[in-house]
Amino acid sequence: MSSTNQRADSVSGDYQVLPTPSDSASCIKFAPSQDRFAITAWDSSAMVFSYSKDGAHLQSQLVSKMTQNPHTLPVLCCAWSPDNAKLATGAVDKTAKVWDIS
């Protein structure tokens, strides 16, 4: 991230990330490293994006979409491991999954 970029706690306002979930987002969590965030959604998806902020612009890029053995019902929550290497998700299908993020 360049020196003009800001920490996740300073991101405010309305930003659109692409691709978007096909249904409403249920949870958004920033990684401890402050350079990634995860989105879970009612369409059973979980996605990880990298981002940088320069002034009023937020640049995001899809890093990973959890497609191997995905949840079958809406994903309601997520949490990052302290080292940013894993993302845990929990869903209405009564499962919790831990994903390796590379």
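Everything below is about the structure printed above this text.
Our subject in this report is the structure included herewith.

The rules behind each value
Counting restarts for each chain, with residues numbered from 1 along the sequence as it is written. Per-residue local features are limited, in this predicted model, to residues with pLDDT of at least 70; the limit for side-chain atom pairs, both in listing and counting, is 80 or more; totals at the level of whole chains, interfaces and linings are taken over all residues. Think of the side-chain values as coming from all heavy atoms in the structure, minus any hydrogens and water. Note on definitions: salt bridges are taken to be side-chain nitrogens of Lys or Arg within 4 Å of carboxyl oxygens of Asp or Glu. By definition, any uninterrupted DSSP run of H or I lasting at least four residues is a helix, any uninterrupted run of E lasting at least two residues is a strand, and each is numbered from the N terminus. Note on classification: 1.4 Å probe, protein chains only; a residue is buried when its accessible area is under 20% of the maximum for its type, exposed when over 50%, partly exposed between these limits. Like-charged residues are merged into a patch within 9 Å and nonpolar side chains (Val, Leu, Ile, Met, Phe, Trp, Tyr) within 5 Å, provided each residue has over 30% relative accessible area and no salt bridge. In this description, accessible areas are obtained by the Shrake-Rupley approach with a 1.4 Å probe, and a residue is regarded as covered only by the protein chains that are shown. By this definition, two strands are paired if DSSP reports at least two bridges between them. Axis definition: a line fitted to C-alpha atoms, limited for helices to the stretch in contact. Angles are taken between N-to-C directions and run from 0 to 180 degrees.

## Some details on the pattern of salt bridges
No. 1: In total, this model carries 1 salt bridge according to the counting rule given.
No. 2: With its nearest N and O atoms 2.3 Å apart, the salt bridge here joins lysine 86 to aspartate 100. Residue lysine 86 is located in strand 6 (residues 86-91), and its partner aspartate 100 is located in strand 7 (residues 96-100); the two are separated by 14 residues in the primary sequence.

## Things to note about unusual backbone geometry
For residues other than glycine, phi is negative in most cases, and the peptide bonds are mostly trans.
No. 1: Here asparagine 84, not a glycine, exhibits a phi torsion of approximately 65°, which is positive.
No. 2: For asparagine 84, the position within the fold is in the loop between strand 5 (75-80) and strand 6.
No. 3: Judged by its relative accessible area of 18%, asparagine 84 falls in the buried class.
No. 4: Although it is not a glycine, lysine 94 adopts a positive phi angle of roughly 65°.
No. 5: With respect to the helices and strands, the residue lysine 94 is situated in the loop between strand 6 and strand 7.

## As for the environment of glutamine 59
No. 1: Looking at where glutamine 59 falls in the secondary structure, it is placed in strand 4 (residues 57-65).
No. 2: The exposure class assigned to glutamine 59 is exposed, which follows from its relative accessible area of 52%.
No. 3: Residues glutamine 59 and valine 17 lie 42 residues apart in sequence; the distance between their C-alpha atoms is 8.3 Å.

## Topic: a nonpolar patch on the surface
No. 1: A contiguous nonpolar surface patch, about 340 Å² in accessible area, is contributed by Trp42, Leu73, Leu76 and Val92.
No. 2: Position of leucine 73 relative to the elements: it lies in the loop between strand 4 and strand 5.

## A closer look at the sheet that holds strand 5
No. 1: Here 3 strands make up an open sheet; going across it, the order is 5-6-7 and the pairing antiparallel. In this open sheet, the two edge strands, each paired with only one partner strand, are strand 5 and strand 7. If you compare each strand with its neighbour and ignore which way they point, the axes differ by 25° on average.
No. 2: The pairing of strand 5 with strand 6 spans 5 bridges and is classified as antiparallel.

## Some points on the pairing of strand 3 (residues 46-54)
No. 1: Bridge count for strand 2 (residues 36-41) against strand 3 is 5 bridges, and the pairing is antiparallel. The partner of alanine 38 across the bridge, within strand 3, is valine 48.
No. 2: The turn joining strand 2 and strand 3, which pair antiparallel and follow one another in sequence, is formed by 4 residues; a positive phi near 75° is taken by serine 44.
No. 3: Pairing of strand 3 with strand 4 involves 8 bridges; the strand directions are antiparallel. By the bridge assignment for strand 4, aspartate 54 is matched with histidine 57.

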